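# Working through the structure, step by step
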Amino acid sequence: MSFTQLMTYVRCPEHYLFRYVLGIKRPPGKTMKHGFALHETFAYHFDQKKKDSKGLNARGAKEFFVEVFRNALEEYKTEMEETKRLITKEFLLKERGIDVNQLVATGLRGIDVYFRDMNPKISPDLVEEPFTIPTPSNMNLMGRIDMTDKKGVIHELKTTRRMPNAQDIQLDQQLAIYQLAYQSLKGKLPKGITKDYIVFSKRDAKIVQFRVDKPFFGKNVVFRNIAVIMEAVRRNIFYCIHPAESWVCSKEWCGYWKLHKELREKGFAKFMLQYSKK
């Protein structure tokens, strides 16, 4: 199981059903493509910095970001066409209302603040390093570590428009998985794990960093939860865990909204009978 698959089930088991059991792609979002372009920009920069100790400068990173985002938006058009049967009018209206030029400007501000406040402090070691963690349930967990520095600290870069909460970070089981991944790759525990957020507002951007020296959850808890999820998948246990009024499950934001509705109306057996044939 990939780390992405595992986290998809944690966030919404029905999304896991739609995407990984039935192979139904979710409609894309402009903000998702924006985040992807920023992630690719920083990954490329730190890969180059690992090689030459410099990497890109802020101007070069901005140019790289704009090009990646432009290409991602071309893919967006294709993906929207491929998934149009799933798209609600509310989702479409929300997407049409998102100003691409504003997203570009936001991304450029984020790059400026990151290169000013964070980049000088980081000497990269591992960059987008793949990992495989064997688990007691005879299943390998695979994924990638965003970056580690030469001090032995794991960095996960996130972009958000909502101020992150320190308590939520401390209780995030992903951190324990990153620790296990680092140990499998380097043969020792990391010195710490940080989540480096670029927090966007309408007018500016700022860096918010949370660090833990040791995850709250140990590996036994993580392995037990992985085993529970795998058993749930084997038993076809897929329930949306979000409240009905949650924005996450709204017509505007959930690309699978029509499938959620259809699953409830038809029931699991009839729904699977229809979509398993496709």
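For clarity, every value in this text was computed on a predicted model and none was experimentally measured.

## Some words on the overall build of the protein
Within the protein, the secondary structure is distributed over 11 helices and five strands. Its C-alpha radius of gyration of 20 Å places the protein within 12% of the 19 Å reference for a compact globule of 278 residues. Dimensions of the protein, computed from the C-alpha atoms along their principal axes, are close to 55 × 45 × 30 Å. Within the protein, contacts between residues separated by at least 24 positions form 72% of all contacts whose residues are at least 6 apart in sequence. Accessible surface computed for the protein: about 15400 Å², of which carbon and sulfur atoms make up 51%.

## Comments concerning the confidence of the model for the protein
For the protein, mean pLDDT is 93; residues scoring 70 or higher make up 99% of the total. Element-level mean pLDDT values for the protein span from 75 in helix 7 (residues 166–170) up to 98 in helix 4 (residues 58–82).

## Observations regarding the packing of aromatic side chains
The tally for this structure, following the rule as stated, stands at 16 aromatic pairs. Pairwise contacts between aromatic rings join Tyr 9, Tyr 16, Tyr 20, Phe 238 and Phe 268 into one cluster. A cation over a ring is seen here: Arg 19 above Tyr 20, with NZ or CZ 5.7 Å from the ring centre. It is Lys 94 that lies over the ring of Phe 91; its NZ or CZ is 4.2 Å from the centre.

## Re unusual backbone geometry
Of note in the backbone geometry, Glu 128 takes a positive phi value of approximately 50° without being a glycine. The class for Glu 128 is partly exposed, based on a relative accessible area of 23%. Positive phi values are uncommon outside glycine, yet Asn 138 reaches one of about 60°. With respect to the element layout, Asn 138 can be found in the loop between strand 1 (124–134) and strand 2 (140–149). Looking at Asn 138, the relative accessible area reads 77%, which means it is exposed.

## Observations concerning the environment of Pro 27
As for its placement among the helices and strands, Pro 27 is situated in the loop between helix 2 (13–21) and helix 3 (30–52). For the pair Pro 27 and Asp 125, spaced 98 residues apart in the sequence, the C-alpha separation amounts to 35 Å. Those residues within four positions of Pro 27 in sequence are excluded, and the remaining contacts are Thr 83, Leu 86, Ile 87, Phe 91 and Gly 255.

## Describing the nonpolar core
Counting 45 residues, the largest nonpolar core has Ile 133, Ile 177, Leu 259 and Phe 271 as the members making the most contacts within it. In terms of residues, this core owes the most to one element, helix 8 (residues 174–186), which gives seven residues. Setting aside chain neighbours within four positions, we find Phe 271 in contact with Phe 18, Leu 22, Leu 259, Glu 262, Leu 263 and Lys 266. By size, the runner-up hydrophobic cluster in this structure holds 25 residues, among which are Phe 69, Ile 98, Val 104 and Ile 122.

## Comments concerning the pattern of salt bridges
Evaluated as defined, the whole model comprises 21 salt bridges. Residue Glu 67 is joined to Arg 70 by a salt bridge in which the shortest nitrogen-to-oxygen separation is 2.5 Å. Placement of the pair is Glu 67 and Arg 70 together in helix 4, with a separation of three residues, close to one helical turn. Overall, the relative accessible area of 39% leaves Glu 67 in the partly exposed class.

Parameters at a glance
Numbering of residues starts from 1 in each chain and follows the order in which that chain's sequence is written. Per-residue local features of the predicted model are confined to residues with pLDDT of at least 70, and side-chain atom pairs are confined, for both listing and counting, to 80 or more; whole-chain, interface and lining totals are unaffected and use all residues. Computation of side-chain values: all heavy atoms of the structure, hydrogens and water removed. A helix here means a DSSP run of H or I that spans at least four residues, while a strand means a run of E at least two residues long, and both kinds are numbered starting from the N terminus. Note that the radius of gyration is over C-alpha atoms, with the globule rule given as 2.2 Å times the number of residues to the power 0.38. Should any heavy atoms of two residues lie within 4.5 Å, those residues are counted as being in contact. All accessible-area figures derive from a Shrake-Rupley calculation using a 1.4 Å probe, and residue coverage is judged against the displayed protein chains alone. For every residue, the predictor assigns a confidence score, pLDDT, that lies between 0 and 100. Under the pairing criterion, centres of Phe, Tyr and Trp rings, with the six-membered ring standing for Trp, must be within 6.5 Å; the plane angle then separates stacked pairs below 30 degrees from edge-to-face pairs above 60, leaving the rest tilted. For a lysine, the NZ atom is tested; for an arginine, the CZ atom; a charge sits over a ring if that atom is within 6 Å of the ring centre and within 35 degrees of the ring normal. Remark: exposure states derive from per-residue accessible area (1.4 Å probe, protein chains only) relative to the maximum for the residue type, with buried under 20%, exposed over 50%, and partly exposed in between. We define a nonpolar core as any set of buried Ala, Val, Leu, Ile, Met, Phe, Trp, Tyr and Cys residues linked to one another through side-chain atoms lying within 4.5 Å. Put simply, a salt bridge is a Lys or Arg side-chain nitrogen that is within 4 Å of an Asp or Glu carboxyl oxygen.

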